[in-house]
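Here is what each chain is made of, one letter per residue.
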Amino acid sequence: MGPFSTHSKRLFVAVSLAISSSYANAQQLPEQWQKTVQQHPSVEAAQQQAEALIQQGKQLNQPLYNPSLSSRLEREGDINNYAVGLSQTLDWSTRNEARASQSDAMTAMAVSIYRQSATSHAKTLLNAYVQWLDAKQRYALAEQQEKIVKQAISLVAERRKAGDLGAVDEQLTVLALSRQLQQTAAAYQQLQSAEAELNALLTTSDVGQLSINEELFNVEPALTARWQQHPALKAAYLQWQLKRADVDWKRSLTTANPTVGVEAGESDNETVIGLSFSIPLQVRNNYSDAVRAANSEAVAEEKRLIALRQQWQAALKSSLNNYRFVKKQWQSWQRDFQSRQDESLQVIEESWLAGDLSSTDYLTAVQQQLDSQFAGIALQTQYRLAAIEWLYRSGELSKALTLSPLSQPTNAEIGE
């Protein structure tokens with residue numbers, strides 16, 4: 001594995017700038033969502049971690065060796081001897097170049113880590129919001145069904161007085177209400193649980209302040225190479241590059257760097273000027289084992305990157321197929337059932353009141369109609385969650401985020 005060249009350094013800079021600029025033209029999430037994502041402690045922690053990496057990268061760009069100043073004073077009889085010296089270690093082993101490669105990789109990786117954390121939180125937040133909408137719809141539907149059953153009990157009581165129905169019909173409707181009360185309570189518990197999970201992901205925002213355009217979920221997915229620009233994959237790639245730069249650093253340790261110095265002073269009332277030269281003798285430790293270890297770590301990181309890309313690509317294809325299928329099912333339900341829900345319930349009730357349906361058949365039909373509506377809610381939720389997964393895997397969700405800028409070094413500072 002060869003050392004990093006100037007081209008490699010520019011590659012790191014290009015990666016960093018590409019990550020920053022490739023999201024500028026994407027469709028943005030609503031401002032309230034942007035604010036909620038950026039203000040979450042986990043995202044703020046990632047931002048500070050990225051800032052720390054940038055500062056570490058800046059430090060690595062600094063010269064490795066500082067000059068040393070020395071002084072000496074001695075008394076020889078009645079004579080004072082003194083000397084002042086200046087020495088400097090020279091970088092003959094390209095250690096500064098290796099550190100510069102580490103700096104470029106670290107700076108670019110900081111951007112990816114920050115954006116990946118924000119993207120992951122945005123996905124979690126959107127999923128929680130969709131689950132909350134699902135629970136809200138289910139609870140509203142359960143309440144509506146409870147009212148229908150209660151009205152049915154009143155109607156059964158009236159018809160029993162009129163002699164149209166018997167005591168069995170009244171008992172059946174009461175039993176149906178008992179079951180419906182349990183379903184409403186379960187739906188309410190689910191709503192409270194979903195709302196608690198959503199609130200845990202929010203900062204200053206209230207659940208009621210969040211809203212999202214349904215068009216976010218209506219996407220036209222296609223497999224392109226853009227998924228390779230995902231910040232999670234970028235971070236893994238740059239982690240590999242950082243390991244490669246570490247190999248160059250360890251290899252530079254196998255070459256000793258000399259130290260040269262100059263000294264001037266007075267000895268025995270005579271001016272003295274001297275030069276010094278020293279170099280470590282790496283006879284007991286030549287650091288070759290460290291080079292081999294660093295090289296193995298770089299190879300291992302490369303294999304992890306390959307595995308992650310394969311896993312990501314498989315998950316991307318799966319999310320694409322899942323989204324297309326669920327979307328088709330959801331559209332089919334909308335076309336065939338959604339517009340008929342109110343009409344269906346009215347026909348069932350009129351048939352029961354006319355005596356065409358027994359109370360048992362009526363309650364069964366009402367339950368089937370309720371199950372159909374619950375199926376529609378479940379399909380809509382699956383459709384939305386599938387869209388979110390595709391947006392995340394393809395990198396589109398990351399592009400929709402506008403993040404606070406990091407204190408990246410300027411082009412001049414990183415060698416452009």
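Structure: see above.
Rules behind the numbers
- Residues numbered from 1 in each chain as written.
- Predicted model: local features only at pLDDT ≥ 70, side-chain atom pairs only at ≥ 80, totals over all residues.
- Heavy atoms only, no water.
- Phe/Tyr/Trp six-rings, centres within 6.5 Å; stacked < 30°, edge-to-face > 60°.
- Helix = DSSP H or I, 4+ residues; strand = E, 2+ residues; numbered from the N terminus.
- Buried < 20%, exposed > 50% of the residue type's maximum accessible area, 1.4 Å probe, protein only.
- Core = buried A, V, L, I, M, F, W, Y, C linked by side-chain atoms within 4.5 Å.
- Contact = heavy atoms within 4.5 Å.
- Polar contact = N/O pair within 3.5 Å; in protein donor to acceptor, adjacent residues only side chain to side chain.
- Salt bridge = Lys/Arg side-chain N within 4 Å of Asp/Glu carboxyl O.

Asks: Looking at this structure, I do not really get the packing of aromatic side chains. What am I missing?
Replies: To describe a pair of aromatic rings, one takes the distance between the centres and the angle between the planes. Within this structure, the stated rule accounts for 8 aromatic pairs. Between Trp 33 and Tyr 129, the ring centres sit 5.1 Å apart and the planes meet at 90 degrees, which makes this aromatic pair edge-to-face. Of this pair, Trp 33 sits in helix H2 (residues 31-38) while Tyr 129 sits in helix H4 (residues 95-162); the two residues are 96 residues apart in sequence, bridging distant segments of the chain. Of the residues examined, Tyr 129 reaches a relative accessible area of 6% and is grouped as buried. Ring geometry for Tyr 139 and Tyr 188: centres 5.4 Å apart, planes at 55 degrees, overall tilted. With Tyr 139 in helix H4 and Tyr 188 in helix H5 (residues 167-201), the pair connects residues that are 49 residues apart, well separated along the chain.

Asks: I would appreciate a short explanation of the nonpolar core in the present structure.
Replies: One recurring pattern in soluble globular proteins: nonpolar side chains tend to sit buried together. The biggest cluster of nonpolar side chains holds 67 residues, and the ones touching the most others in it are Trp 33, Leu 125, Tyr 129, Trp 132, Leu 198, Phe 217 and Leu 397. In terms of residue count, H4 provides more of this core than any other element does, 19 residues in total. Setting aside its immediate chain neighbours within four residues, Trp 132 contacts Leu 191, Ala 194, Glu 195, Leu 198 and Val 207.

Asks: Please clarify how the side chain of Gln 116 should be interpreted in this entry.
Replies: Inspection of the secondary structure puts Gln 116 in helix H4. In terms of polar contacts, Gln 116 uses its side chain to reach the side chain of Tyr 392, at 3.0 Å. Those residues in contact with Gln 116 that sit more than four places away from it in its chain are His 230, Pro 231, Ala 232 and Tyr 392.

Asks: Would you take a moment to explain the side chain of Lys 123 for this structure?
Replies: If you trace the backbone, Lys 123 turns up in helix H4. Residue Lys 123 is classed as buried on the basis of its relative accessible area, which comes to 17%. Among all residues touching Lys 123, those that are not within four sequence positions of it are Ile 388, Glu 389, Tyr 392 and Leu 397.

Asks: I tried to follow the pattern of salt bridges on my own but got confused; where do I start?
Replies: When their charged atoms lie close together, side chains carrying opposite charge are able to pair. Tallied over the entire structure, the rule returns 13 salt bridges. A salt bridge links Glu 389 to Lys 123, with the nearest nitrogen and oxygen atoms 2.9 Å apart. Note that Glu 389 is positioned in helix H9 (residues 359-394) and Lys 123 in helix H4, a separation of 266 residues in sequence. Look at Glu 389 and you get partly exposed, because its relative accessible area is 22%. For Lys 250, the salt bridge identified is with Asp 246, shortest N-O distance 3.1 Å. Taken together, the residues span about one helical turn, with Lys 250 and Asp 246 both in helix H6 (residues 231-252) at a distance of 4 residues. Shared partners join several salt bridges into a network, and the residues in it are Arg 72, Glu 74 and Glu 263.

Without other data, these values stay purely geometric and don't point to any function.
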